[in-house]
Amino acid sequence: MKRTRTTVNSATLAVAYLRVSTDEQHLGPEAQRAAIETWATREGVTVVAWHTDAGVSGAAEIAKRTSLLAALADLSTHRAGLLVVAKRDRLARDVMAAAMIERMSADAGARVVSAAGEGTDATDPAAMLMRRMVDAFAEYERAMIAARTRAALRVKIARGESTGEAPYGWRADADGKLVPDVA
């Protein structure tokens, strides 16, 4: 199926997308916004809309990332030629999802750029290769975080420590070990 773009969007207008994986990353959105604002000022770009997915994994399905979908829609609404993220890993931590988001942006007449640069913003073959490598490392880092978390949980379980909510009739003592709740 041949794709055609019917409009040429402005390369001086951007829609910003911010994402944090957990609600505990309180400073994450502010730091991402500051990085994008600095980039926009330096590049002479006007950010026409801001969208934030909070508590959303970079591996989440695109269809479940409501703010990302709104950002993609705003590209056409505002005729923005750029979807800007603070860093590529804020876009996605999955190579296929990142490629899909790039395609959806292109279909809307825009391209994805990173305020961090990362050597990925040009349209030449070297930048395309660099985008794929940065995306692959973001996916790798997500897998490493998951592996470290699983290993830490196994250690806690081996020690008899709680790894979540205590079951009914039990509680975690001061050392995190499950003990019968005899209140």
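For the structure itself, consult the block above.
These lines cover the structure that appears in this document, whether it is placed above or below. Just so you know, these numbers come straight off a predicted model, no measurement behind them. (Residues numbered from 1 in each chain as written. Predicted model: local features only at pLDDT ≥ 70, side-chain atom pairs only at ≥ 80, totals over all residues. Heavy atoms only, no water.)

1. Some thoughts on the pattern of salt bridges
Opposite charge on two side chains permits pairing when their charged atoms draw close.
Then step 1. Scanning all chains against the criterion turns up 10 salt bridges.
Then step 2. Here Asp135 ties to Arg88 by a salt bridge, and the two come within 2.6 Å at their closest N and O atoms. Here Arg88 lies in helix α3 (residues 88-91) and Asp135 lies in helix α5 (residues 125-158), a separation of 47 residues in the sequence.
Then step 3. Take Arg88: its relative accessible area is 2%, and that puts it in the buried class.
Then step 4. It is possible to trace a salt-bridge network through shared partners that takes in Lys87, Asp89, Arg90 and Arg93. (Salt bridge = Lys/Arg side-chain N within 4 Å of Asp/Glu carboxyl O. Helix = DSSP H or I, 4+ residues; strand = E, 2+ residues; numbered from the N terminus. Buried < 20%, exposed > 50% of the residue type's maximum accessible area, 1.4 Å probe, protein only.)

2. What to know about the packing of helix α2 (residues 66-77) against helix α4 (residues 95-107)
Then step 1. Two numbers describe how α2 lies on α4: the axes approach to 8 Å, and their chain directions differ by 30°. Viewed along their axes, α2 and α4 adopt a mutual orientation that is roughly parallel. The two elements α2 and α4 cross, and the hand of that crossing is right-handed. When α2 is examined against α4, the residues Leu68, Leu69, Leu72 and Leu75 are found in contact with a partner set consisting of Ile101, Met104 and Ser105.
Then step 2. For the contact of α2 with α4, a count of residues per class yields six nonpolar, one polar and no charged. (Axes fitted to C-alpha atoms, helices over the stretch in contact; angles between N-to-C directions. Parallel < 35°, antiparallel > 145°, perpendicular 65-115°, else oblique. Left-handed = near helix turned anticlockwise from the far one by under 90°. Contact = heavy atoms within 4.5 Å. Nonpolar A, V, L, I, M, F, W, Y, C, P; charged D, E, K, R; others polar.)

3. Quick look at the pairing of strand β1 (residues 10-20)
Then step 1. Bridge count for β1 against strand β3 (residues 80-85) is four bridges, and the pairing is parallel. The partner of Ala14 across the bridge, within β3, is Leu82.
Then step 2. Bridge count for β1 against strand β2 (residues 46-54) is eight bridges, and the pairing is parallel. Within β2, the residue paired with Ala16 across the bridge is Trp50. (Pairing = 2+ DSSP bridges.)

4. Some points on helix α1 (residues 28-43)
Then step 1. Spanning 16 residues, α1 covers 22 Å between terminal C-alpha atoms, matching the ideal 22 Å at 1.5 Å per step.
Then step 2. Those residues of α1 not exposed but buried are Gly28, Pro29, Gln32, Ile36, Trp39 and Ala40. In an axial view of α1, the angular spread of the buried residues amounts to 100°, which keeps them on one side of the axis. In α1, the exposed residues that point more than 90 degrees away from the buried face are Thr41 and Arg42.
Then step 3. Looking at the packing, one finds that the buried side of α1 touches β1, β2, β3, α3 and β4 (111-114). (Expected span 1.5 Å × (residues − 1). Arc of directions from axis to C-beta.)

5. Here we look at the side chain of Asp53
Then step 1. When you line up the elements, Asp53 lands in strand β2.
Then step 2. Within the buried core, Asp53 has no salt-bridge partner, and the shortest N-O distance to an opposite charge, that of Arg65, equals 4.3 Å.
Then step 3. The contact partners of Asp53, leaving out residues within four places of it in the chain, are Tyr17, Leu18, Arg19, Val20, Arg65, Thr66, Ser67 and Leu68. (Lys, Arg positive; Asp, Glu negative; His and termini not counted.)

6. Re unusual backbone geometry
Then step 1. In this structure, Arg79 takes a positive phi of about 55° despite not being glycine.
Then step 2. Within the fold, Arg79 resides in the loop between α2 and β3.

7. Observations regarding the environment of Ala71
Then step 1. Mapped onto the elements of the fold, Ala71 is located in helix α2.
Then step 2. Between the alpha carbons of Ala71 and Tyr17 there is a distance of 6.5 Å; along the sequence they are 54 residues apart.
Then step 3. When near neighbours in sequence (up to four residues on either side) are disregarded, Ala71 contacts Val15, Tyr17, His51 and Leu83.

No statement about biological role is implied by the geometric values presented.
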